[in-house]
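Spelled out, the chains give:
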Amino acid sequence: MYLLHSLLVGCGNSNFSYDIFCKGDFTNITSIDYSENVIDAMKYKYSEYPELKWICADMTELDEDAFPVDSFACVIDKAAMDALMSEVRLTYLVHYVEN
């Protein structure tokens, strides 16, 4: 379990933040997206989980007051995770089909 503060950028309306929270690997997660509608929906959907924070922000222009330097132990890029997971699934599928 990691008690350190994690930042998930480009969260969209994915359950990814919630999923890693439930798994117990990360317990203090701030998720950001540039869409205010998406962030409002996620705040509502996960309102029972104060450990999950949802902020409307552009990851390329983070405000240093809201996001001080060194305030996160790790940054997770949702799109990169999707690509990596897709690659893992594709590799598994190719292996499965070949055998």
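Our structure is the block above this text.
Just so we're clear, the structure is a prediction, and the values are computed from it rather than from any experiment.

Q: Tell me about the nonpolar core, and please be specific about residues and values.
A: Where a protein is soluble and globular, its nonpolar side chains tend to be buried together. Counting 13 residues, the largest nonpolar core has I20, I29, L52, W54 and I76 as its most contacted members. Secondary structure elements with two or more residues in this core: helix 1 (16-23), strand 2 (26-33), helix 2 (36-45) and strand 3 (52-56). Considering every element that reaches this core, the biggest residue donor is helix 1, with three residues. Core analysis: the second largest hydrophobic core is formed by six residues, I32, A57, F67 and F72 among them.

Q: How would you explain the environment of I29 if you had to name every residue and give the values?
A: Mapped onto the fold, I29 is located in strand 2. Sequence separation between I29 and P50 is 21 residues; the distance between their C-alpha atoms is 9.5 Å. Dropping the residues within four chain positions of it, I29 is found in contact with S6, S17, I20, F21, E51, L52 and K53.

Criteria and cut-off values
- Residues numbered from 1 in each chain as written.
- Predicted model: local features only at pLDDT ≥ 70, side-chain atom pairs only at ≥ 80, totals over all residues.
- Heavy atoms only, no water.
- Core = buried A, V, L, I, M, F, W, Y, C linked by side-chain atoms within 4.5 Å.
- Buried < 20%, exposed > 50% of the residue type's maximum accessible area, 1.4 Å probe, protein only.
- Helix = DSSP H or I, 4+ residues; strand = E, 2+ residues; numbered from the N terminus.
- Contact = heavy atoms within 4.5 Å.

Interpretation note: all reported values are geometric properties and have no functional meaning in isolation.
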